[in-house]
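Here is how the chains run, residue by residue.
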Amino acid sequence: PPPPSGWVWPREGGVIEVEVEEEEGQPAAWLRATVTAVLEDGWFQALVRTPSDEAGWHDWFSWREEGTDWRRVPLRQEAAAEPSSSSAAAAEPEAA
């Protein structure tokens, strides 16, 4: 089924957190992931990286898994996690 009315899709390039169990028997941890594709039916793909696997892997998530397998990052934290060319440009002094 499609997502419920009012559900907001994660945006491509945005940051979410996914629950990852790095080692069997160890508690799962919430790690940052970057959304790489978003489909109209509520499914989306994210690139997940761990400290032990910097190359990472792509995984698919659905709107139904929100809060269990993935969760949203507060907007302020998401903005801080994304590299931004505009903030780098703003930090450079203007030439006179």
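Residues numbered from 1 in each chain as written. Predicted model: local features only at pLDDT ≥ 70, side-chain atom pairs only at ≥ 80, totals over all residues. Heavy atoms only, no water.

1. Focus: a nonpolar patch on the surface
Together, Leu39, Trp43 and Trp60 line one region of the surface with nonpolar side chains, adding up to about 290 Å² of accessible area. Position of tryptophan 60 among the secondary structure elements: in strand β4 (residues 53–61). (Patch = residues over 30% accessible without salt bridge, like charges linked within 9 Å, V, L, I, M, F, W, Y side chains within 5 Å. Areas by Shrake-Rupley, 256 points an atom, 1.4 Å probe, with all protein chains shown as cover. Salt bridge = Lys/Arg side-chain N within 4 Å of Asp/Glu carboxyl O. Helix = DSSP H or I, 4+ residues; strand = E, 2+ residues; numbered from the N terminus.)

2. Describing the confidence of the model for the protein chain
On average, residues of the protein chain score 83 in pLDDT, and 78% of them reach the 70 mark or higher. Confidence, expressed as mean pLDDT per element, reaches its minimum in the protein chain at helix α2 (residues 85–91) with 40 and its maximum at strand β5 (residues 70–72) with 97. (pLDDT = per-residue confidence, 0-100.)

3. Concerning the sheet that holds strand β3 (residues 44–50)
The five strands are arranged β4-β3-β2-β1-β5 in an open sheet whose pairing can be described as antiparallel. The open sheet has two edge strands, β4 and β5, and neither has a second partner. Between one strand axis and the next, the sheet turns by 35 degrees as a mean value, whatever way the strands run. Bridging between strand β2 (residues 29–38) and β3 involves five bridges; their strand directions are antiparallel. Note on β3: the bridge partner recorded for valine 38 is phenylalanine 44. (Pairing = 2+ DSSP bridges. Axes fitted to C-alpha atoms, helices over the stretch in contact; angles between N-to-C directions.)

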